[in-house]
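In case you want the letters, here they are:
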Amino acid sequence: MFAEVMVDLKTKEIQSSYDYIIPSDLEGFLKLGMRVVVPFGNMTRVGLITKIKSESLAATKAIIEPFDMEPIVDKELFHLINYLEEEAMIPSVLAYHKVIPDALSVEYQKVIRVMKRDGLKEPLKSLLIDDVVVFKKTWRKYSSAFQKAVSSGSIEIDEAIDQKRSIQTENYYLKTTKVPQTQKQQALWLYLNEPKRIEDILDSGYSKQMVQTLVKMGSISIQKQEKMVVFKPTYAEDSKALTREQKEAVLAIKESLLKYERFLLKGVSASGKTEVFLQLCMELSKKRKQAMIITLDTALIEQLRLYLNPFLSVAVIDPEDTLQSRLDSYRAAQTGYVDVLITTPSGIFTPFKSLGIIIADEAQDPSYIDYAKTIHGLDMLQERARYNNIPLVYASATPPVQLYYDATLGKLRLIELNEKVYQTKDQLQIVDMKKELENGNLSMLSKPLYDAINRSLKDNKQALILANRNGFAPYVLCRSCGHVPTCERCDTTLTYFENKRRLKCPHCGYQMKYEPKCMACGSDKVRPVGMGIEQVEVQMKRTFPLAKIARLDSETTSKKGVYQATINAFKAKKIDILIGTQMISKGHDFDIPVVGILLIDSMLKAPSYLANERCYQLIKQTMGRAGRKQAGVSIVQTYQTDHFVLKSLEDEIGFYEQELNRRQIAHYPPYYQLLSIVFKGNSLDQAERAATKLKQQIISRYSQYEVVGPSESDIKTFKLMIKTGKRQDLKHWIQSIKQYYDKENLSVRFYRYDDIV
DNA sequence: AGCACGCCGACT
DNA sequence: GTCGGCGTGCTC
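It should be emphasised that the depicted structure is a prediction, and the values quoted were computed from it without experimental measurement.

## Side note on the UniProt feature "binding site: Zn(2+) 1" (unreviewed entry) in chain A
Within the UniProt annotation, "binding site: Zn(2+) 1" (unreviewed entry) is assigned to Cys 478, Cys 481, Cys 518 and Cys 521. In summary, the annotated positions, though distributed over 44 residues, converge in three dimensions, the widest C-alpha pair being only 8.6 Å. Discounting chain neighbours no more than four positions away, the residues touching Cys 478 are His 483, Cys 518, Cys 521, Ser 523, Lys 525 and Val 526. Note that Cys 521 resides in the loop between β24 (511–513) and β25 (526–529).

See below:
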């Protein structure tokens, strides 16, 4: 027999499936979806069995050994890998790496054994102080030196595979056919009529000693089985009584529990969405089916877990947890040992024994699109729901335009939860900052917002300020020559952080020390330009010197636990004014009379077709934090009072309709599909030529496509943006483009979810 | 001729 | 990702 194996070749986007001979002793044991160790060139690599077949013309080498005891990729995951390859245009090896969790990935090592020490020259001499040294990535630096040392016989090299985390096993004890002599021993022997763990045996009153003697005598055998972490519900009493709307929502979704259907559960926070989730999960648990809930971050995961755990067994995959704990939860979901799995979008590929529902919470959030803009989490979840024939519930207070559009077409069912648990009338005020300037107010704080905060502080109450812009200033400018420092890697302007005196790239994380001297002309007239959250904090402290002020942004929360601690302190009223980026807008219920929204003008101008929707959602969500029990006011400061996003903050339907109208006219989703094609060559020139050439070819051959660009995007790259009514059309020629440019020593990449226009 | 270096393609 | 083959070009 033969196996088709997808060899783990991390970077190259080449054909990666090769045929291997299955050694006769592994026949029957090796199955589809298991990983195996195979020889590849002069290397030893891990690969995934993608097919088992009885004939192969190509196979010459045999599989060395199995790497897993059972398949780690099931039918559904194969389907998803295939989907990523076809729809997201990701090469299959990369798709495989997306689907396999980090905890199960492997690293390749070189084990160097010193044979003749006197033959060694520098730098090897000082590197190989011990007789056996293991190298990982640093191997590459010295590979040629090692090579020479091998041929001169001073060292030998072996390959080793390092698993980051393996599936843990533990011993189970089982009786054999050999009956022991004494009565006591026989009691233990009879008790082990099925495999039991040592803890359970001890709990039942038998001693370790006895087990061991019986093992020695051959009356008990030891089996290795996977060690499962058990997630148990904490068993509370009855759940809360449902409101009429909640009952209707639960009923509507319950009706289609065993078929594929999409729902949009629209409700502001505190409208009781979580209770609806709980009811659905409990219903499924009775049917021995599992639920997957996706949310955004540690805090929201924890909130959900605390709500569900009294009634259900709940596992959690949080990227901030350790590899081992993520793997435990992964296995619990895969083996069906848990009712509910809560995870962030990073966990959307977790396999389940028997999945019954998928709930995508905070469905409007951009983090559902992966960093590389090639995968949309919501699309993957839709594919999984379709595959498993189960419902998919999107939950959001401010649904993405795409889902609103789908709902109007009847492609998904809209369920609204309108009743706020606390009824209050929220007030909205939009302040024109141009007028403030005319009236002589030079500060970043408008008079109405200043008054509102002041009043609140006098009443011993709090204020929440959204300033969604990291750092002290969006960029620094040399007033002498006009130079603006940009990122080496992505060419975007660097954000200035005053506290750390550093310039950072908001895009890729590149950072450098800030010197108040111009890198281009040497002048010392370098000044920060524009406003960021650090500056807001400084000014707030100056304006309200007696108030306790805290800031929540990516910088202050880089240490684990700070986020939650600050939120808790704010809830406990130990902080008077909380200033934060978008991270303060999600999930938390504060009871505050004043919400101030600053620095949104640049967001409205962002070069993304999603800018309006993101800004609208952010403002709405932040407003939603204000005034639960008490009356609240939200104050939005802007220079663009006429912008339709701001004008329709209290007219939801109006917003969606105007935005949809705009997108239809400008040819954006949901009416048109986008595909960006990015060329990266050895030189800017080469990339531009290729992009221009392809554009002409597309225009002349396919009149239905609209091509925008080419425009310079990252360093040494040019981008074309294709807009088309039907995406189906694109697939067939993408393959040929790829092959064509591979020969030209140019890299071409395709991004389905690029929103930057 | 002899060797160092870099690019290219094969790897089942 | 890794290695070997082959061509180029430099040096003795």
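Now that the structure has been shown, we can carry on.
## Considerations on the UniProt feature "binding site: Zn(2+) 2" (unreviewed entry) in chain A
According to UniProt, the positions carrying the feature "binding site: Zn(2+) 2" (unreviewed entry) are Cys 487, Cys 490, Cys 505 and Cys 508. Tracing the backbone shows Cys 505 in the loop between β23 (502–504) and β24.

## Observations concerning the pairing of strand β17 (residues 392–396)
Across the 5 residues of β17, 5 count as buried, placing the element largely inside the fold. Residues of β17 alternate between two faces, with Leu 392, Tyr 394 and Ser 396 on one and Val 393 and Ala 395 on the opposite face, all of them buried. In the sheet, strand β12 (residues 262–267) pairs with β17 via 5 bridges, with the strands oriented parallel. Pairing of Phe 263 across the sheet is with Val 393, part of β17. By the bridge criterion, 3 bridges tie strand β16 (residues 355–360) to β17 in an arrangement that is parallel. Each residue of the ladder has a partner; that of Ala 360, found in β17, is Tyr 394. Viewed along the sheet, the connection from β16 through helix α12 (residues 377–388) into β17 turns out right-handed.

## Some thoughts on the pattern of salt bridges
Across all of its chains, the model carries 39 salt bridges by this definition. Lys 136 is paired through a salt bridge with Asp 162; the nearest N and O atoms lie 3.7 Å apart. Of this pair, Lys 136 sits in the loop between β7 (132–135) and α4 (139–151) while Asp 162 sits in strand β8 (residues 155–163), placing them 26 residues apart in sequence. Accessibility expressed as a relative area gives 40% for Lys 136, which makes it partly exposed. Residue Asp 162 is classed as partly exposed on the basis of its relative accessible area of 24%.

Reading guide: rules and limits
- Residues numbered from 1 in each chain as written.
- Chains lettered and ligands numbered in written order.
- Predicted model: local features only at pLDDT ≥ 70, side-chain atom pairs only at ≥ 80, totals over all residues.
- Heavy atoms only, no water.
- UniProt positions renumbered as here; feature names shortened; annotations may be inferred.
- Contact = heavy atoms within 4.5 Å.
- Helix = DSSP H or I, 4+ residues; strand = E, 2+ residues; numbered from the N terminus.
- Buried < 20%, exposed > 50% of the residue type's maximum accessible area, 1.4 Å probe, protein only.
- Pairing = 2+ DSSP bridges.
- Right-handed = clockwise from strand over helix to strand, strands pointing away.
- Salt bridge = Lys/Arg side-chain N within 4 Å of Asp/Glu carboxyl O.

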